[in-house]
Amino acid sequence: MPKKGKSNFDSRYPSVEDLRAKAKKRIPKFAFEYLDGGCNEDINLHKNTAEIREVELLPYYLSKHSGSNMKTKLFGHSYDAPFGIAPVGLQGLMWPRSPEILAKAAFEHNIPFVLSTVSTSAIERISEITEGQAWFQLYHPAKTKLRDDIIRRAAAAECPVLVILSDVPTFGFRPRDIRNGLAMPPKMSIANILQIMGKPNWALQTLRHGQPNFETLRPYMPKNLDLKQLGQFMDQTFSGRLNEERIKPIRDMWKGKLVLKGVACEADVEKAIQLGLDGVIVSNHGGRQLDAGESTIRPLARIAEAYGSQIEVMMDSGLRSGPDIARTMASGAKFTFMGRSFMYGVAALGAEGGNHTISLLKAQLQQVMEQICCENIQDFPNHLIQK
Ligand SMILES: Cc1cc2nc3c(=O)[nH]c(=O)nc-3n(C[C@H](O)[C@H](O)[C@H](O)COP(=O)(O)O)c2cc1C
């Protein structure tokens, strides 16, 4: 049984923006910019949040209200809130042990934590922390043997949900990371060393916990790769572009729930349904891949309306608050995820960052529900002001 999350937040940081500002002060510039940035001109990054915030909700002040309950049933599990922690790569670069901090907080608050293939804790360790409740996100390996081995490990770790990613057929064009020479482990240019020296707390914690590594992938990686060899290993190991032929064998092999993440159009949802998938996450990777794309709230509304009765439709990208979660649920999402919000929390507050950010979002969402007289999560669409 999960130990109940403390459900209180540090009153110095009553918004995700406060956490972002603190994170910016606390971690080196190359790590903050990797987390914070979008791609190209950051148009899609900003549009995601801006267009979610165009959604307006109707309050019913005189209706009967017997309390608001955030519990949300998804894939047979009753979660305590309708949001989860999205998969983020290189987490240990932003703050040491951040996947473990977030997985523990998610478990204690009974919300899902999704581990990325390229995060910095091993799937087995995260499964142990969450007693087999964490989800796993798979980057598609080029070699069948490796793909099958990782899927077998996810099954052995009792992951209930496997998330396959469709929106990284190419690596996003991210000017800040290019400028910063971002690499794993961090490249020690003079500029990066100076940035690290300016953040003693981060440097100390990183020294104490050791250099972050791709722990799930460690068994497949040759030892002591230099930076160039590491890049080549990643390019050769992951095939990037997903297609129906690549999804079929995964569906056959994976007995748990299978979710496609990175969906932005109706055609891909239809394919997901035909392939027997259980859910889709409407997502544009937090605006990190296609700057010329739509924000996610727009396709969400269309997809939820057309396919919401055939497949679980979830959404991420751009949410930063309880009201944003409410707006997204009112627009038809069954569940929501956030990436940066939680990482800002951990980068800002370290070990307390997971509990704080979840508690904060829960408190904000609870307030919205009570304010508009929404008793249950599935009632949110009744509050949508149609435009
Ligand atoms: C720094 C960073 C790294 C990410 N790495 C991954 C990843 O490894 N796998 C993945 O499926 N999504 C990855 N994502 C995308 C997130 O899962 C999620 O879609 C996105 O963060 C949602 O947008 P938000 O940050 O505005 O909440 C990453 C996002 C960020 C910000």
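Predicted, not measured: the structure shown is a model, and the values here were computed from it. (Residues numbered from 1 in each chain as written. Predicted model: local features only at pLDDT ≥ 70, side-chain atom pairs only at ≥ 80, totals over all residues. Heavy atoms only, no water.)

Engineer: How would you summarise the overall build of the protein if you had to cite specific residues and measurements?
Structural biologist: Scanning the protein from N- to C-terminus turns up 17 helices and 10 strands. In terms of overall dimensions, the protein is globule-like: its C-alpha atoms have a radius of gyration of 20 Å, near the 21 Å expected for 387 residues. Taken along the three principal axes of its C-alpha coordinates, the protein extends 65 × 50 × 45 Å. Each of the 387 residues in the protein was classed as buried or not, and the buried ones make up 57%. A fraction of 75% describes how many contacts in the protein between residues 6 or more apart in sequence connect residues 24 or more apart. One way to put it: in the protein the 49 positive side-chain charges average out to a point 5 Å from where the 41 negative ones average out. (Helix = DSSP H or I, 4+ residues; strand = E, 2+ residues; numbered from the N terminus. Rg over C-alpha atoms; globule rule 2.2 N^0.38 Å. Buried < 20%, exposed > 50% of the residue type's maximum accessible area, 1.4 Å probe, protein only. Contact = heavy atoms within 4.5 Å. Lys, Arg positive; Asp, Glu negative; His and termini not counted. Charge placed at Lys NZ, Arg CZ, Asp CG, Glu CD.)

Engineer: Mind laying out the pattern of salt bridges, listing which residues take part and the relevant values?
Structural biologist: Counting across every chain of the model gives 22 salt bridges. Its salt-bridge partner being E245, residue K248 comes within 3.0 Å of it at the nearest N-O pair. With K248 and E245 both in helix 12 (residues 244-253) and 3 residues apart, this pair spans about one turn of that helix. With relative accessibility at 52%, the residue E245 sits in the exposed group. A salt bridge links E312 to K334, with the shortest nitrogen-to-oxygen separation between them at 3.4 Å. Here E312 is found in strand 9 (residues 312-315), whereas its partner K334 is found in the loop between helix 15 (322-330) and strand 10 (335-338), with 22 residues between them in sequence. It is possible to trace a salt-bridge network through shared partners that takes in R97, E100, R125 and E128. (Salt bridge = Lys/Arg side-chain N within 4 Å of Asp/Glu carboxyl O.)

Engineer: Run through the packing of aromatic side chains, naming residues and quoting values.
Structural biologist: Enumeration according to the criterion identifies 8 aromatic pairs in this entry. Judged by centre distance (6.3 Å) and plane angle (25 degrees), the ring pair of F83 and F342 falls under stacked. Placement of the pair is F83 in strand 3 (residues 83-85) and F342 in helix 16 (residues 340-349), with a sequence separation of 259 residues. For F342, a relative accessible area of 0% gives the class buried. (Phe/Tyr/Trp six-rings, centres within 6.5 Å; stacked < 30°, edge-to-face > 60°.)

Engineer: Any details on the nonpolar core? Residues and values, ideally.
Structural biologist: The biggest cluster of nonpolar side chains holds 101 residues, and the ones touching the most others in it are F83, F113, F136, I164, L260, L277 and F380. If near-sequence neighbours (up to four positions away) are discounted, F113 is found in contact with I85, Q91, P99, L102, A103, A106, I126, A134 and W135. Counting 13 residues, the second-largest nonpolar core is a separate cluster that includes Y79, V114, V163 and F337. (Core = buried A, V, L, I, M, F, W, Y, C linked by side-chain atoms within 4.5 Å.)

Engineer: I'd love a proper account of helix 1 (residues 16-26), names of residues and values included.
Structural biologist: Buried within helix 1 are the following residues: V16, L19, A23 and R26. The buried residues of helix 1 occupy an angular sector of 85 degrees when the element is viewed end-on, so they sit on one face. For helix 1, the secondary structure elements touched by its buried residues are helix 2 (29-36), helix 10 (200-209), helix 16 and helix 17 (353-372). (Arc of directions from axis to C-beta.)

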